[in-house]
Structure formats: C-alpha cells, structure tokens
Amino acid sequence: MPDLNQAGLTITPGTWLYRLPWIGLGIGLAGMAGSAVLAQGHLQEFLHAWLVAFLFFLSIALGGLFFVLVLFATKAGWGVSIRRLAENAMATLPIFALLFLPIAWGAGQLFSWWEGPGEDALLALKEPYLNAGFFLARAAAYFIVWSAIALWFASRSARQDDSGQHSITRRLQAASGPCLILYAFTVTFASIDWIMALDPHWYSTMFGVYFFSGCLVGIFAFLVLVMGILQEAGYVGQVIHKGHYHNLGMLLYAFMVFWAYIAFSQYFLIWYANIPEETIWYLHRMHGTWSNLSLILAVGHFGVPFFFLMSRVIKEKPRLLMAGAAWMLLMHLADIYWLVMPNVYAHGPHFGILDVAALAAVGGVFMGAFGWALRRRALIPVKDPRLPESLQLDHA
Amino acid sequence: MAFLSPQLPSTEEYGVLGEFDSPRSLYRACSQVRDAGYSRWDAHTPFPIHGLERAMGLRDSRLAWLVLALGLGGAASAMVLQWWISVHAYPLVISGKPFYSWQAFEPETFEIGILGGALGAVFGMMAFNKLPMWYHPLFASKRFQRVTDDGFFISIEAWDPKFDVEGCQKFLREIGATHVEVVLR
C-alpha cells in the first residue's frame, strides 16, 4: 500500500467544505421557505418546479449508484480513488424519500389520472397501473431498493477503511450484478411513473433509457466538478491524477453522445410512424417558444459539447473539463425542465423565481447530505486492495 | 514497388540493436534514450506496453485529425447525397413527408460518418506506419525474431544525427541492454 499523506484525504474541520452540511441545510431551508411563500396561488406551477428540482438532483444520486455498482461489477481498478465521491452522491438517496413527500401530497395537481380515469377510455385501460395506491406503493419500493443498496455498499466500503479486509471487496463484487438488475427495473419504472405519466396518453418504450442516460451525464459532470473543487481546496492532490479526469471526461462524453443517440432514436421512430397519440408529446415541445428550448437542447446538450469535449487536451485540463461539466449539468437541468414543464406551461418555458426556490430547496438538502457524507469518511477508500492500481493510473 | 520496401540510411549499417530482458527495463531504457536526445530510433515489443509512447517522447499521433476529417466528411457527403437524390434527382413523396426530411437521412449520415472515420483510422494507420512493408533490415538479426514472443528491443538508426557505431553500442549497454549488435543495411 502506498504511503498516503492522511492530511489531504479527510476534510479539515473549520473549512467551508467541513461546514457544507450546514451551508446546504441553510440554502435548503431558505428555498423551502421561499417555495412555501411563492407557492401561494401557484400550487400547480410550484409542484412542477419541485418535480424538476427533485428529478435533477435525484438523477445525479442515481447516476452515482450506477457508477459504484458498475465499478464493482467490472472489477475496475482505475476508478477506486474516485469511487468514494460517487458513494457519497448515492448515499444521499434516502433523503430523496423525504423530498418526494410534496410530490406524493400534491400528486393530484401533477397527474390528471390521480382522481380516477373518468370518461377517458385509454386511462380506464391503464387504471390497473396508473392509480394512486399503486403509484405510492411503487414509489415506496423504489426508495427502499435504492436506499438499501446505496447504504449497504457505502457502509461496507467504509468498514473496509478500518479493517482493509479483501473479503468485503469480493462480497460487493458478487452483489453488484443482481443490484444492477434491480437498478434497471426501478429506474425505468420510476421514470415512467414520475415523468411519462405526466402525459398519461403518451408512451415511449425508450423512455427509461432516456432518463438513465441523463442520470449518467449528471453524475459524471458532477464528479468532475467535485474532484476539481476538492483539488483546488487542497485535497486528494496525490491520489487523483490527469488520468482520472481524462477517464471521467471520456465517460461524460460517451454518455452525452449516448443521450443524443437515445433522444434522436425516440424522436425519429415517433416522427416516422406519425401516430397522433405519440406525436402529440413532441408537438407540445415544438409549440411556441418550447421549440427554442428543443433546439437549444439539440445544440447545447449534443452539438457544442460533441466538439468541445472531443479532444484529450481539454479532458486533461481540469479547469476546461470543469467548464464543460458545468455546462453539461446546466443542459441536463434544461433537459429535465423540457421533459416536465410543457405539462403546465403550454406556450413556452417560464423559468422564474419559483423554479429557483425549488432548486435551492432540493439542491440545498442534496448538497448538505453530500457534504455530510463527504466529511464523515476519508475522501478515498484508503484500504481498498485495488487502490494502488488506481493511484498509478496515468495515460500517456 | 518503392512503398513496399523500407527507406534506408545511406550508411553501411542500418543501426544498432539492443535487447532488454523485461518490459520494465525497456521502459526505463526508452526514457534514457529519449533524454539522451536521439531522434531516429524505435522500441520493439511483443505486446503494447502502457505509457511507452511517453517514455519514448513520441508526439501525439496525427491519425486523430485524419479520422475526424474523414468522419465529418463522410457524414456531410451522405447528407448531401440524400438531399440531392430526394430533392433534385428523383423526388418522391414518401408517407406524406417533405422531400427534404433530414430526420430520415440521419441514420445514413451517421453510418457513413462512422464508415469514413473507420476507413481513415485503418488506412491512415497503415500509411503513417509505412505499411505494408515486406522486408526490414532488423529481420536479419536472429535474436530479433523473439520480438514476437518474449524479446524487448531498442534500435537506434544510422541516420540519427547523434549516431556513431561504437558510442551507441556502449550507450545501450550502459542503460541495461543484455545484448547489443550492429545491424547491417
């Protein structure tokens, strides 16, 4: 095991990063207070804004869960020294069960099928799936599965920090495969329940993959930013190298292209078949100024980063890669907004202080939970048997 | 068939060949040859050694630019071809869609872009490596046959400005070569 200077591997008390839980909580509470005031008379708009913020930060946490599972499933050595940061992102998942409460409480304002199918023949056929009781039971199941996997993996990994037992790594590797299957089902159905069901006549068999691709864009962009901020604050300098930025940059690039591939495939098939109950969803997004946002997504979520993040030179310069990652996070937020908001604003995007308040509320809580996880344990899995492999990661 | 035979230095020797016993010692030796300022030399290994290109001080390959250009060129020409066929050469109304339906042209555009990039990668790699090349002076060395099995070699070629037969042999021994020989042209 290489001789590591422990000073750069735990958050120093007294610094702003150490106070992150309180800073996050403060922003979150301020956002909640603002939301509570602004939601007066705009309950439906508020609930949609909350859903956007909830999905945006949830997608980062879910991306973290997937990344950790995949690192174990593939027995990857290179990613060990950045795995703890992804573990901290996924460890926030239980908090999202609380952040879901406004959605459960106000679901009647979000989902037209909530009170029952009424005269709608299609909704009557979908009623065995789209009904309030089953919806809430499913949501509970998702949170139980995600929280159980995330907390189990995070706690075992933390236990290895003390004992250094190799059996822990083997155990997590064995469990990661079945957990990925559970992950695939829960994330697919969660995206159907929380996004696709906003427009209950519409369906796309590709939708789960679409949301999943956004989750991965979210986590890789988030990890690049967190790594960069930690290094600039003087942490993990000797354990995270150019090679880690390059690899994360490549993964960010790959899943940005994957997102575009899935997004275009979904659009293409619906455009070609030209069936009204399918095309209506895109018609909403081409109506009024929504068409501008659709274009911005095509260019900003794919066209510009396709060229900007292509070169290795950019991916190996932390500042430039961080700029690309920040841009991708912004575009990912725009993507979620584009998925949810046409449901309430028919004529075009209407980004306002209500959206900011909801983002501050959910984002503050997420940041607080992440900061708490960050300072509780070392910033890398200090006794992982594959750590030396990751420390030597260096691309020529 | 000039392109099938290697370009050779005009001296009597092709160069000096040093054998190393492990990837590790070859890696170290490469960085020493690089630091000594040689420019016309090469390393030969049975399998890729991670990071060796940096130990050798090689600059980034120009291949990426060729692949990018041919990929984008392929994609653009596929889109233009489909536009020309569907709008000018043979316009047909297909399921009520406009003649220029870029959505329908996108899969071919993507595929031809990939094809262009792949052809550029394979043939560009061969061109930059001067392949195919049927013969090379190093093949005259009996020991060099082990390069496809378990031998690790560095060759310093005679047209290197710093080349001198005695000095290079001595240098290769100093940096850990287990066996050194002169290869004739």
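Here we summarise the structure given alongside this text. (Residues numbered from 1 in each chain as written. Chains lettered and ligands numbered in written order. Predicted model: local features only at pLDDT ≥ 70, side-chain atom pairs only at ≥ 80, totals over all residues. Heavy atoms only, no water.)

Take empty space enclosed by the protein next. All names here are of chain A. One pass over the full model with this rule turns up two cavities of 30 Å³ or more. For the largest cavity, the calculated volume is near 70 Å³. Taken together, L71, F72, K75, A76, V80, R83, T169, Q173, D384 and R386 form the lining of the largest cavity. Looking at the lining of the largest cavity residue by residue, the class counts come to four nonpolar, two polar and four charged. If you add up the space inside the second largest cavity, you get close to 30 Å³. Lining the second largest cavity are A49, V52, L333, Y337, F351, D355 and L359. Breaking the lining of the second largest cavity down by element, the ones donating at least two residues are α2 (43-73), α15 (318-340) and α16 (353-376). Along the lines of polarity and charge, the residues of the lining of the second largest cavity split into six nonpolar, no polar and one charged. (1 Å grid on protein atoms, 1.4 Å probe; cavity = no way out; pocket = protein on both sides within 12 Å on 5 of 7 lines; lining within 4 Å. Points joined across faces, edges and corners; volume = space filled by probe spheres on them. Nonpolar A, V, L, I, M, F, W, Y, C, P; charged D, E, K, R; others polar. Helix = DSSP H or I, 4+ residues; strand = E, 2+ residues; numbered from the N terminus.)

Packed helix pairs are specified by the crossing angle of their axes together with the interaxial distance, meaning the distance between the axes. Residues and elements named next belong to chain A. Between α2 and helix α10 (residues 207-232), the least distance of the axes is 7 Å, while the angle of their chain directions is 80 degrees. Here α2 is positioned roughly perpendicular relative to α10, judged by the angle of their axes. Listed contacts from α10 to L55, S59, I60, L62, G63, G64, F66 and F67 of α2 are F211, F212, C215, L216, G218, I219, F220, F222 and L223. Here the residues of the contact of α2 with α10 are counted per class, giving 13 nonpolar, four polar and no charged. (Axes fitted to C-alpha atoms, helices over the stretch in contact; angles between N-to-C directions. Parallel < 35°, antiparallel > 145°, perpendicular 65-115°, else oblique. Contact = heavy atoms within 4.5 Å.)

Cis geometry is adopted by the peptide bond preceding P132(B), which originates at L131(B) and carries an omega value of -5 degrees. The phi torsion at K75(A) lies on the positive side, around 50 degrees, for a residue other than glycine. Looking at the element boundaries, K75(A) is found in the loop between α2 and α3 (80-90). On the accessibility criterion, K75(A) (47% relative accessible area) is partly exposed. (Buried < 20%, exposed > 50% of the residue type's maximum accessible area, 1.4 Å probe, protein only.)

On to the pairing of strand β1 (residues 13-20) of chain B. Residues and elements named next belong to chain B. Along β1, eight of the eight residues are buried, which leaves the element largely enclosed by surrounding structure. The pairing of β1 with strand β4 (residues 179-184) spans six bridges and is classified as antiparallel. Its bridge partner being in β4, E19 is matched across the sheet by H179. Across six bridges, the pairing between β1 and strand β3 (residues 152-157) is antiparallel. Residue pairing in the sheet places E19 in a bridge with F153 of β3. (Pairing = 2+ DSSP bridges.)

A separate point is the side chain of E278(A). Along the chain, E278(A) turns up in helix α12 (residues 276-286). Despite being buried, E278(A) has no salt bridge partner; K126(A) is the closest side chain of opposite charge, sitting 9.8 Å away. (Lys, Arg positive; Asp, Glu negative; His and termini not counted. Salt bridge = Lys/Arg side-chain N within 4 Å of Asp/Glu carboxyl O.)

So, on to the packing of aromatic side chains. Two descriptors summarise a pair of aromatic rings, namely the distance from one centre to the other and the angle between the planes of the rings. Residue and element names in this part refer to chain A. A full pass over the atoms with the stated rule returns 62 aromatic pairs over all chains. Note on F54 and F143: the rings are 6.5 Å apart at their centroids and 70 degrees apart in plane angle, and the pair reads as edge-to-face. Linking F54 in helix α2 with F143 in helix α8 (residues 132-163), this pair joins segments that are 89 residues apart in sequence. Considered together, F54 and F143 belong to a single accessibility category, that of buried residues. If you follow R375 out to its NZ or CZ, it ends over the ring of Y18, 4.1 Å from the centre. (Phe/Tyr/Trp six-rings, centres within 6.5 Å; stacked < 30°, edge-to-face > 60°. Lys NZ or Arg CZ within 6 Å of the ring centre and 35° of its normal.)

Moving on, we come to the nonpolar core. Residues and elements named next belong to chain A. Of all hydrophobic cores here, the largest spans 144 residues; its most connected members are F54, L93, F96, W146, F153, W194 and L230. At 22 residues, α2 tops the list of elements feeding residues into this core. Sequence-distant contacts of F96, that is, excluding residues within four places in its chain, are made with F54, F57, L58, A61, F143, V362 and F366. (Core = buried A, V, L, I, M, F, W, Y, C linked by side-chain atoms within 4.5 Å.)

Residues and elements named next belong to chain B. A contiguous nonpolar surface patch, about 1,000 Å² in accessible area, is contributed by V80, L81, W83, W84, I85, Y90, L92, I94, Y100 and W102. Looking at the nonpolar patch, the element that brings in the most residues is helix α3 (residues 63-89), giving five residues. Relative to the assigned elements, V80 resides in helix α3. (Patch = residues over 30% accessible without salt bridge, like charges linked within 9 Å, V, L, I, M, F, W, Y side chains within 5 Å. Areas by Shrake-Rupley, 256 points an atom, 1.4 Å probe, with all protein chains shown as cover.)

A separate point is a positive patch on the surface. A cluster of basic residues, R40(B), R59(B), R62(B) and K130(B), forms a positive patch on the protein surface. Here R40(B) is to be found in the loop between α1 (23-35) and β2 (41-44). (Charge placed at Lys NZ, Arg CZ, Asp CG, Glu CD.)

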